[in-house]
Amino acid sequence: MSAFNGVGERLAIPLGYLITALAAHSWSSQAVLLTCAGMIAAATVLNLCVPDVYRINRLSPDDQPTAANGHRTVERA
């Protein structure tokens, strides 16, 4: 699945450049900038609508995992 995700991410940039170039050729610079700003704002709002995004909480020191002897453990890769 990550291979498909990687292909999609790599194709999105050149496709975005192509669409932006075509829009800049057809519209004024101000219209293109406002459209791009609106799309960025819409993407931000749509991401905030996902419950897993706005429910992210930082763990307090009391919630951190501890070892059996009471000391904090550090995971190493």
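Procedures and definitions
Residues numbered from 1 in each chain as written. Predicted model: local features only at pLDDT ≥ 70, side-chain atom pairs only at ≥ 80, totals over all residues. Heavy atoms only, no water. Helix = DSSP H or I, 4+ residues; strand = E, 2+ residues; numbered from the N terminus. Buried < 20%, exposed > 50% of the residue type's maximum accessible area, 1.4 Å probe, protein only. Areas by Shrake-Rupley, 256 points an atom, 1.4 Å probe, with all protein chains shown as cover. 1 Å grid on protein atoms, 1.4 Å probe; cavity = no way out; pocket = protein on both sides within 12 Å on 5 of 7 lines; lining within 4 Å. Points joined across faces, edges and corners; volume = space filled by probe spheres on them. Nonpolar A, V, L, I, M, F, W, Y, C, P; charged D, E, K, R; others polar. Patch = residues over 30% accessible without salt bridge, like charges linked within 9 Å, V, L, I, M, F, W, Y side chains within 5 Å. Salt bridge = Lys/Arg side-chain N within 4 Å of Asp/Glu carboxyl O. pLDDT = per-residue confidence, 0-100. Expected span 1.5 Å × (residues − 1). Bend = angle between axes of the 7 residues up to and from the residue.

Undergrad: Looking at this structure, I do not really get the overall build of the protein. What am I missing?
TA: Looking only at helices and strands, the protein has three helices and zero strands in total. Each helix and strand of the protein, ordered N terminal to C terminal, gives the series α-α-α. When burial is assessed residue by residue, the protein has 4% of its 77 residues classed as buried. For the protein, the computed accessible surface area is about 7,300 Å², with 64% contributed by carbon and sulfur atoms.

Undergrad: Explain the layout of surface pockets to me, please; I cannot follow it from the model alone.
TA: It is a probe the size of a water molecule, rolled over the atoms, that shows where empty space is left. Taken as a whole, the largest pocket holds about 200 Å³ of empty space. Of all the elements in the fold, those that place two or more residues in the lining of the largest pocket are α1 (2–26) and α2 (29–48). Residue contributions to the lining of the largest pocket peak at five residues, all from α2. Residues belonging to the lining of the largest pocket are distributed by class as follows: seven nonpolar, three polar and no charged.

Undergrad: Would you mind showing me how to read a nonpolar patch on the surface here?
TA: There is a patch of nonpolar side chains on the surface, built from Leu15, Leu18, Ile19 and Leu22 and spanning about 400 Å² of accessible area. Tracing the sequence through the fold places Leu18 in helix α1. Among the residues examined, Leu18 registers a relative accessible area of 48% and is labelled partly exposed.

Undergrad: Help me understand the confidence of the model for the protein, please; the structure alone is not making it clear to me.
TA: The predicted coordinates ought not to be read in detail in places where the model reports low pLDDT. Taken residue by residue, the protein gives an average pLDDT of 81. The fraction at 70 or more is 74%. Across the protein, the secondary-structure element scoring lowest on mean pLDDT is helix α3 (residues 51–54), at 75, and the one scoring highest is α2, at 94.

Undergrad: Any chance you could explain α1 here in plain terms?
TA: In an α-helix, one turn spans 3.6 residues, which is why side chains three or four residues apart end up on the same side. Compared with an ideal rise of 1.5 Å per residue, which puts 25 residues at 36 Å, α1 spans 36 Å between its outermost C-alpha atoms and is within 8% of the ideal. Taken as a whole, α1 carries its principal kink of about 25° at Ala12; the proline Pro14 stands between one and four residues after it.

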